[in-house]
Amino acid sequence: MSVKKRKILVAGNWKMNNNNKETEHFLQQIKKGVENAKVEVLLCVPFTSLNVALNLAKESNIKIGAQNCHFKDSGAYTGEISPLMLKEIGVEYVILGHSERREYFNETDETVNLKLNASLKHGLKAIVCVGETLKQREDKVTKEIISMQLKKGLKNIAKEHILNIIIAYEPIWAIGTGKTASKEEAQEVCEHIRDVLGKIFSQEEAEEILILYGGSVKASNCKEIFMQKDIDGGLIGGASLNVSEFEEIVSIANAI
Ligand code: PGA
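Think of each chain on its own: its residues are numbered from 1, step by step along the sequence as written. Thresholds applied to this predicted model are a pLDDT of at least 70 for local features of residues and 80 or more for the giving and counting of side-chain atom pairs; totals over whole chains, interfaces and linings are not thresholded and use all residues. Derived side-chain values reflect all non-hydrogen atoms in the structure, with water molecules and hydrogen atoms excluded from consideration.

(A) Broad picture of the pattern of salt bridges. Throughout this description, the term salt bridge denotes a Lys or Arg side-chain nitrogen within 4 Å of a carboxyl oxygen of Asp or Glu. Applying the stated criterion across every chain, the model contains 18 salt bridges. A salt bridge links E100 to K15, with the shortest nitrogen-to-oxygen separation between them at 2.8 Å. Placement of E100 in helix α4 (residues 99–104) and of K15 in the loop between β1 (9–13) and α1 (20–33) is noted, with a sequence separation of 85 residues between them. The buried label goes to any residue with under 20% of its type's maximum accessible area, the exposed label to any with over 50%, and the partly exposed label to all in between, with areas taken from a 1.4 Å probe on protein chains only. E100 sits in the partly exposed class, given a relative accessible area of 23%. With its nearest N and O atoms 3.5 Å apart, the salt bridge here joins R101 to E107. Classification of R101 by relative accessible area gives partly exposed; the value is 21%. Taking the relative accessible area as the measure of exposure, E107 reaches 7% and is therefore buried. Numbering of helices and strands runs from the N terminus; a helix is a DSSP stretch of H or I covering at least four residues, while a strand is a stretch of E covering at least two.

Printed below as a string of structure tokens:
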């Protein structure tokens, strides 16, 4: 019996990696390895890999997600992909507000909120990323920053969609750096996130919402992180590009 209250989600964020051939190879290999997983397994792949990944993930327990979307259904938005388009091809999840999008593509809490409402309206599950910079952590304003990102990002959510929201706490200083927040640091912020969710929504809803930790999660550190009371899995970048490492994370999560 798992000691966890909520189902664990192990989500890979491939970022701008893996072409169609590599996607095919990865899915073929991983399918068998996670066949008996009781935890939820998700791979968020580049737009160009979605179709290949969706086809190969059919009749497996692997879910496929995108890493961003626009907030309109269609229109003159050159280069963008709408949540409706994602839904139409069978995508179930979308990552929104990743710190790389906030930093390099001018994503704001306001655009995250528009994208979130649009994604939920079309029946997608959305992983909303929040997190502080190293400077903000050193200035001891982490909780204020996270509260603001949540309050602005999670505005006007229809009640029936609340449980389709997943929060990923990703301290920016821990992403791709090899530095992980300690399990205590991660738990402290995730507990704060759950508190804030309780104020935005209700206490009961906050208890059901999944909160992931992301930032240099790998097989060697995932257990202690996933064991934390308010952490329900991970959003995994670098380590999700390696089949055996990702498989090992899934199997460790399975045994919790
Ligand atoms: P990382 O990335 O695991 O490579 O640190 C996590 C993320 O950016 O989602």
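(B) Just empty space enclosed by the protein, in detail. Only protein atoms enter the 1 Å grid, on which a cavity is a set of points fitting a 1.4 Å probe that cannot get out and a pocket is an open set with protein on both sides within 12 Å along at least 5 of 7 lines, lining residues being those with an atom within 4 Å of a point. Grid points are joined across faces, edges and corners, and a volume is the space filled by probe spheres set on the points. This model, assessed by the stated rule, comprises one cavity of 30 Å³ or more. Here the largest cavity defines a volume of roughly 40 Å³. Counting only elements with at least two residues in the lining of the largest cavity, the list comes to α4 and β5 (125–130).

(C) Quick look at the side chain of T142. Relative to the helices and strands, T142 is located in helix α7 (residues 142–153). On the basis of relative accessibility, which here comes to 8%, the residue T142 falls in the buried class. By the convention used here, residues are in contact when the closest approach between their heavy atoms is within 4.5 Å. When residues no more than four places from it in sequence are discounted, the contact partners of T142 are E132, Q136, R137, Y169 and V189.

(D) Structural detail: the nonpolar core. Residues grouped as a nonpolar core are buried Ala, Val, Leu, Ile, Met, Phe, Trp, Tyr and Cys residues, joined through side-chain atoms within 4.5 Å. With 69 residues, the main nonpolar core has V10, L154, I167 and I193 as its most contacted residues. Apart from residues no more than four positions distant in its own chain, I167 is found in contact with V128, V130, L150, L154, I193, L197, I209, L210, I211 and L212. Counting 13 residues, the second-largest nonpolar core is a separate cluster that includes L9, C44, I166 and L235.

(E) Seen up close, the environment of L114. Among the secondary structure elements, L114 is positioned in helix α5 (residues 109–121). Exposure remark for L114: the relative accessible area of 42% places this residue in the partly exposed category. Expressed as a C-alpha distance, the spacing of L114 and K72, which sit 42 residues apart in the sequence, is 8.7 Å.

(F) Broad picture of the site of the ligand. Near, as used in this document, describes a residue that has one of its heavy atoms within 4 Å of the molecule or strand being considered. Every one of the 13 residues lining the ligand counts as a neighbour, but K15, H98, E170, G176 and S216 are closest to it. Pairing of N or O atoms within 3.5 Å defines a polar contact, subject to two protein rules: one partner must be a possible hydrogen donor and the other a possible acceptor, and residues neighboring in sequence count only if both atoms are side-chain atoms. One of the backbone nitrogen or oxygen atoms of G237 is found 2.9 Å away from an oxygen atom of the ligand. Areas reported here follow the Shrake-Rupley algorithm with a probe of radius 1.4 Å; residue values treat only the protein chains shown as occluding. For the ligand, the accessible surface in isolation is 280 Å², of which the surrounding protein chains cover 96%. Here the residues of the shell around the ligand are counted per class, giving four nonpolar, seven polar and two charged. Gly is placed with the polar residues, together with every amino acid not listed as nonpolar (Ala, Val, Leu, Ile, Met, Phe, Trp, Tyr, Cys and Pro) or charged (Asp, Glu, Lys and Arg).

(G) Quick look at unusual backbone geometry. Positive phi, normally seen in glycine, also occurs at E59, with a value near 55°. Of note, E59 is situated in the loop between α2 (50–57) and β3 (62–66). The exposed category is assigned to E59, whose relative accessible area is 84%.

(H) Molecular detail of the layout of surface pockets. Its volume calculated, the largest pocket comes out at about 510 Å³. Around the largest pocket, the lining comprises 18 residues; the ones closest to its centre are K15, M16, Q67, R101 and F105. For the lining of the largest pocket, the residue count by class is nine nonpolar, five polar and four charged.

(I) Spotlight on the packing of aromatic side chains. Think of it this way: a Phe, Tyr or Trp ring, Trp meaning its six-membered ring, pairs with another when their centres are within 6.5 Å, and the plane angle makes it stacked under 30 degrees, edge-to-face over 60, tilted otherwise. Under the criterion given, the structure shown has three aromatic pairs. An angle of 85° between the planes, with centres 6.5 Å apart, marks the rings of Y104 and F105 as edge-to-face. Accessibility expressed as a relative area gives 55% for Y104, which makes it exposed. When the NZ atom of lysine or the CZ atom of arginine is within 6 Å of a ring's centre and also within 35 degrees of its normal, the charge is said to sit over that ring. Sitting over the face of the ring of F105, R101 holds its NZ or CZ atom 4.3 Å from the ring centroid.

(J) Region of interest: helix α8 (residues 183–200). With 18 residues, α8 should reach 26 Å at 1.5 Å per residue; the first-to-last C-alpha distance of 25 Å fits that figure. Along α8, the residues that are buried comprise A186, Q187, V189, C190, H192, I193, R194, V196, L197 and G198. Under the convention used throughout, the expected extent of a helix is 1.5 Å for every residue step, that is, one less than its residue count.

(K) Representation of the sheet that holds β5. As summarised here, the arrangement of the eight strands in space is β1-β2-β3-β4-β5-β6-β7-β8, forming a closed barrel in which the pairing is parallel. Each strand of the sheet is rotated relative to its neighbour by a mean of 25°, with strand direction disregarded. Sheet topology places strand β4 (residues 93–96) next to β5; four bridges connect them, and they run parallel. Along β5, the bridge assignment pairs V94 with A126. In this description, strands pair whenever DSSP reports at least two bridges between them. Only the stretch in contact is used when a helix axis is fitted, and all axes are lines through C-alpha atoms; the angle between N-to-C directions ranges over 0 to 180 degrees.

Read these as geometric descriptors, not functional statements.
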